[in-house]
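Fold and geometry: a report
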Amino acid sequence: MPFDQSDFNELTRKAAELTLETADVPRLLRLRLGPDHALARAAEEMLGRLEAFVRELRSFHGSPETDQSDSADT
Amino acid sequence: MTEADYEYLLRTLSEARSRASEIAIAVRGRVGVDHRLSELGNSAVSQIESVLTDVRKVAAEEPASWGEARLDAGAETKASTGALKNVGVALDFSAQAADIASEHWFPAFVNELLERYRTSGGITFEIVEQVLQERKEAFAKDLEIARRMYRSYPHMFPETQAQRS
């Protein structure tokens, strides 16, 4: 299946949007429960993972792998 | 935390879980299961799920007297004149909440099954039953919170009140 770059860009955009809209969750938990509360830390971790996912998606755009992925096993 | 906080957190996290699952599945379909992007997507979904579960637990441990405490603080008059009406509205609302929530839990349920199927390379009836049971319990908790939200903040549900009048 040919790799659709515009489709991938759209997924990256959606992931970035989701990360932005979820950013208030750790903020609220930190404010209400304190930065050391397990739930606040778990929410920070959640946001960190989403940000890492978006970063990787963005870097994947420009990587040689993107061009080679026409042969990706999809 | 207030009920409004919990309402916001549960709604945001539940929606985030569904959206992240969709994105992760789509990405995995394009790059393959073993790609780092797939792992990162799965990891993000799993952490959202974990936080959502923890928030539900904390919310369930909050005192059931949230609504009553607020009534004591200054709404006795309204409560005395509208108590029976409020009970009726709350019951109607619970049915509506069930309808609304049912639009959300099913795709999340299917996504989770697909997630487990793809990550482990298979699935059993037991796992499906276990996931469904977890969804049912989570739904029941969300419904209870929604009921309490309605009792405490009826002004936040103007459409429900309009239907009643």
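Bear in mind that the values here come from a model prediction, so they are computed numbers and not experimental data.

About the thresholds
- Residues numbered from 1 in each chain as written.
- Chains lettered and ligands numbered in written order.
- Predicted model: local features only at pLDDT ≥ 70, side-chain atom pairs only at ≥ 80, totals over all residues.
- Helix = DSSP H or I, 4+ residues; strand = E, 2+ residues; numbered from the N terminus.
- Buried ≥ 20, exposed ≤ 12 C-beta atoms within 10 Å, placed from the backbone.
- Contact = placed C-beta atoms within 7 Å.
- Nonpolar A, V, L, I, M, F, W, Y, C, P; charged D, E, K, R; others polar.
- Core = buried A, V, L, I, M, F, W, Y, C linked by C-beta atoms within 7 Å.
- pLDDT = per-residue confidence, 0-100.
- Axes fitted to C-alpha atoms, helices over the stretch in contact; angles between N-to-C directions.
- Parallel < 35°, antiparallel > 145°, perpendicular 65-115°, else oblique.
- Left-handed = near helix turned anticlockwise from the far one by under 90°.

Our next topic: the overall build of chain B. Looking only at helices and strands, chain B features 6 helices and 0 strands. When the helices and strands of chain B are placed in sequence order, the string is α-α-α-α-α-α. Within chain B, the fraction of its 165 residues that count as buried is 26%. Summarising the internal contacts of chain B: among those between residues at least 6 apart in sequence, 75% fall at separations of at least 24.

Turning to the overall build of chain A, a few remarks are in order. Across its full length, chain A holds 4 helices and 0 strands. From first element to last, N terminus to C terminus, chain A shows the α and β order α-α-α-α. Burial status across chain A gives 26% buried among its 74 residues. At a minimum sequence separation of 6, the contacts of chain A that also span at least 24 residues come to 62%.

Opposite the 26 residues of chain A that make contact, chain B presents 28 residues. Every element with two or more residues in the side of chain A that touches chain B is listed here: α1 (5–22), α2 (24–33) and α3 (38–62) of chain A. It is α3 of chain A that contributes the most residues to the side of chain A that touches chain B, 12 residues altogether. By residue class, the composition of the side of chain A that touches chain B is 17 nonpolar, 3 polar and 6 charged.

Further remarks concern the nonpolar core. Core analysis: the largest hydrophobic core is formed by 36 residues, its most contacted members being A43 of chain A together with L13, A20, A44, I48 and V55 of chain B. Of all the secondary structure elements, the ones that give two or more residues to this core are α1, α2 and α3 of chain A together with α1 (3–31), α2 (36–61) and α5 (125–152) of chain B. With 10 residues, the top contributor of residues to this core is α1 of chain B. A20 of chain B has contacts with L18 of chain A together with A44, V45 and I48 of chain B, leaving out every residue within four places of it along the chain.

Our next topic: the confidence of the model for chain B. Residues and elements named next belong to chain B. Of the residues in chain B, 67% have a pLDDT of 70 or more, and the chain-wide mean is 72. Mean pLDDT per element in chain B: helix α3 (residues 66–72) is the minimum at 44, and α2 is the maximum at 89. Scored below 50 in pLDDT, residues 65–102 shows 29 contacts in the model against residues more than four places distant or in partner chains. In the model output, the complex is listed with pTM 0.56 alongside ipTM 0.81.

What follows covers the packing of α1 of chain B against α5 of chain B. Residues and elements named next belong to chain B. Contact geometry of α1 with α5 gives a least axis separation of 10 Å together with a crossing angle of 140°. Judged on the interaxial angle alone, α5 and α1 are oblique. Crossing hand, α1 versus α5: left-handed. On α5, the residues that touch E3, Y6, E7 and L10 of α1 are D142, I145, R148, M149 and S152. Residue classes in the contact of α1 with α5 are distributed as 4 nonpolar, 1 polar and 4 charged.

Close contact between α1 of chain A and α1 of chain B brings their axes to 10 Å; oriented N to C, the two are set at 155°. Looking at the two axes, α1 of chain A sits roughly antiparallel to α1 of chain B. Once α1 of chain A is placed against α1 of chain B, the crossing between them reads as left-handed. Together, F8, L11, K14, A15, L18 and T22 of chain A of α1 of chain A and T12, A16, R19, A20, I23, A26, V27 and R30 of chain B of α1 of chain B make up the contact between the two elements. Counted by class, the contact of α1 of chain A with α1 of chain B contains 9 nonpolar, 2 polar and 3 charged residues.

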